[in-house]
2 protein chains.
Amino acid sequence: MTTDTKGRYRFNVEPFTEDFQGLISWSNLGNILLRCAQMHAENNGFGFGPMSREQLSWVFSRLIIEMDRRPHTGETFEVTTWPSEIFRQFTVRLFEVRDGEGIIIGRAYSVWALIDINSRQPADLMNLPTGPFTDYLIPAPDFPITGPGRIRVKSEQPALTRTAHVSDLDINGHVNSIRSLEMVLDLFPLETYQTQQVHKVELAYAKEAFCGDTLQFFKEEVQPGVHNIEVRRGEGDVTLRAQVVFK
Amino acid sequence: MTTDTKGRYRFNVEPFTEDFQGLISWSNLGNILLRCAQMHAENNGFGFGPMSREQLSWVFSRLIIEMDRRPHTGETFEVTTWPSEIFRQFTVRLFEVRDGEGIIIGRAYSVWALIDINSRQPADLMNLPTGPFTDYLIPAPDFPITGPGRIRVKSEQPALTRTAHVSDLDINGHVNSIRSLEMVLDLFPLETYQTQQVHKVELAYAKEAFCGDTLQFFKEEVQPGVHNIEVRRGEGDVTLRAQVVFK
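The notes below deal with the structure included here. On a predicted model such as this, the values are computed, not experimentally measured, just so you know.

**A few points about the pattern of salt bridges**
Residues and elements named next belong to chain A.
Phase 1: Tallied over the entire structure, the rule returns 34 salt bridges over all chains.
Phase 2: Taking the shortest distance from any N to any O, the salt bridge between D168 and R179 comes out at 2.6 Å. One end of the pair, D168, is in the loop between β6 (160-163) and α3 (177-185); the other, R179, is in helix α3, and 11 residues separate them in sequence. This pair shows no difference in class: D168 is buried, exactly as R179 is.
Phase 3: Salt-bridge contacts for D237 lead to K207; the nearest nitrogen and oxygen are separated by 3.9 Å. On the criterion of sequence distance, the pair formed by D237 in the loop between β9 (226-233) and β10 (238-246) and K207 in the loop between β7 (198-205) and β8 (214-223) is long-range, its members being 30 residues apart.

Next up, the structure:
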């Protein structure tokens with residue numbers, strides 16, 4: 001079976017989903033991208049439902065969002081999404097965000113692995129119950145976000161320490177990936193957002209964080225407006241690496 | 001003009017909107033109630049858009065949510081909402097939450113004021129540009145949630161202190177009302193939620209909290225399973241009073 005169908009989903013920026021500037025908040029935007037990924041996978045037979053019946057589960061590994069602008073309250077926008085390639089045990093899923101006139105206002109790049117729930121080992125994407133995953137790929141060689149970067153932070157002085165609470169958890173009991181995005185953006189004061197816009201956010205999920213964990217956020221400006229961030233759990237493991245680019 | 005139409009809106013518990021138990025999170029549920037209020041007001045000509053053209057703005061004062069159960073991932077539910085009464089400068093808006101079979105699984109009670117954006121004084125609800133607000137009321141004398149309670153906390157030892165960050169803000173630059181709900185529920189450890197369900201949450205918004213504010217949460221169990229909470233900003237003002245009832 002070959003499908004060439006990209007998923008296309010229309011949204012409206014609803015009241016109560018905006019940030020303090022009246023633009024859709026980064027977290028609500030991130031959540032919408034995840035929902036689109038899920039809907040498109042589901043419509044093509046490799047969603048969370050079908051895969052969990054096979055004891056397989058999608059694990060979210062990277063997310064890069066680049067926005068020229070975010071839509072404002074009441075504005076309509078459209079998200080297009082499709083898986084574009086496989087590398088090792090991972091698959092890349094791309095996103096385009098268009099305004100009401102069809103103009104691209106943002107893009108995203110995400111990396112997922114399909115793992116066996118019992119063994120925690122990655123599944124063979126060429127040999128799935130639904131057929132080889134390559135059947136679903138729509139390559140995008142000219143996509144402007146070319147892939148994950150390397151994020152290093154040398155600072156040993158945390159910029160912020162916070163505790164993971166119950167409301168931060170996802171259905172698996174881990175600090176949820178979109179709340180992590182919020183926590184990263186919370187490292188910058190209100191004044192920064194009053195004069196600069198975030199152009200790009202990159203998140204590289206390393207290890208899960210759990211309720212009650214003390215999360216230390218280390219931050220370093222590696223170029224003007226480019227901030228690398230590392231989140232460590234207690235004294236030890238890195239749970240997340242991130243980069244925030246202002247314009 | 002008289003309208004007898006309650007607003008009726010159908011939803012599905014989307015992936016990524018659940019808590020760690022696979023039930024729609026309290027915050028997503030709260031947000032949906034606010035959206036329903038907004039849609040119903042908009043459809044009847046007294047929404048945020050029309051009112052802001054008149055330099056009037058709805059201010060949210062109280063929210064009480066009582067759930068027998070919360071719907072789970074993939075489950076369909078319906079929210080019915082209508083304004084039921086006016087008292088002083090306030091109006092009461094009620095909600096019923098029904099499962100896919102039409103059975104009521106929860107209810108909510110909210111209190112709103114309409115204020116003049118410039119003078120910050122409450123508007124006369126009997127004399128609005130859209131006509132007297134009484135035209136829209138559908139009384140519900142038998143509604144089981146009868147009104148706000150009195151919430152007192154004697155404790156002087158904060159149970160938790162946290163800082164308001166950028167991601168906590170709403171479009172007005174205040175800590176958003178639904179994030180406040182999450183913060184209140186975060187006062188209880190994961191173990192509590194593993195053995196007990198929240199039956200009722202009441203929030204009484206006092207003063208606005210702003211980005212950078214240090215919020216101190218005081219908590220007291222006034223009866224078994226009934227917790228009163230008071231949130232103070234820095235050394236002073238109470239920003240929120242709340243009650244959480246477990247069953």
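After presenting the structure, the write-up continues.
**Points about the environment of A:V92**
Phase 1: When you line up the elements, A:V92 lands in strand β4 (residues 90-99).
Phase 2: Not counting the four nearest positions on each side in its chain, A:V92 is found in contact with A:W82, A:P83, A:S84, A:E85, A:F87, A:Y109 and A:S110.

**Quick word on the nonpolar core**
Phase 1: By size, the foremost hydrophobic cluster in this structure holds 62 residues, and its most contacted members are A:W26 and A:L203.
Phase 2: At eight residues, the largest contribution of residues to this core is made by helix α1 (residues 26-43) of chain A.
Phase 3: When residues no more than four places from it in sequence are discounted, the contact partners of A:L203 are A:S61, A:R62, A:L63, A:S177, A:L181, A:V184, A:L240, A:R241 and A:A242.
Phase 4: In terms of nonpolar packing, the next biggest core, distinct from the first, is built from 61 residues, B:V13, B:I65, B:M67 and B:V79 among them.

**Looking at the layout of surface pockets**
The gaps of empty space that remain are located by a probe, the size of a water molecule, rolled over the atoms.
Phase 1: Computed from the structure, the second largest pocket encloses a volume of approximately 210 Å³.
Phase 2: Lining the second largest pocket, in full, are A:L160, A:T161, A:R162, A:T163, A:H165, A:D168, A:M183, B:L160, B:T161, B:R162, B:T163 and B:H165.
Phase 3: For the lining of the second largest pocket, the secondary-structure elements that each account for two or more residues are β6 of chain A together with β6 (160-163) of chain B.
Phase 4: Across the lining of the second largest pocket, the residue classes tally to three nonpolar, six polar and three charged.

Rules used in this analysis
Residues numbered from 1 in each chain as written. Chains lettered and ligands numbered in written order. Predicted model: local features only at pLDDT ≥ 70, side-chain atom pairs only at ≥ 80, totals over all residues. Heavy atoms only, no water. Salt bridge = Lys/Arg side-chain N within 4 Å of Asp/Glu carboxyl O. Helix = DSSP H or I, 4+ residues; strand = E, 2+ residues; numbered from the N terminus. Buried < 20%, exposed > 50% of the residue type's maximum accessible area, 1.4 Å probe, protein only. Contact = heavy atoms within 4.5 Å. Core = buried A, V, L, I, M, F, W, Y, C linked by side-chain atoms within 4.5 Å. 1 Å grid on protein atoms, 1.4 Å probe; cavity = no way out; pocket = protein on both sides within 12 Å on 5 of 7 lines; lining within 4 Å. Points joined across faces, edges and corners; volume = space filled by probe spheres on them. Nonpolar A, V, L, I, M, F, W, Y, C, P; charged D, E, K, R; others polar.

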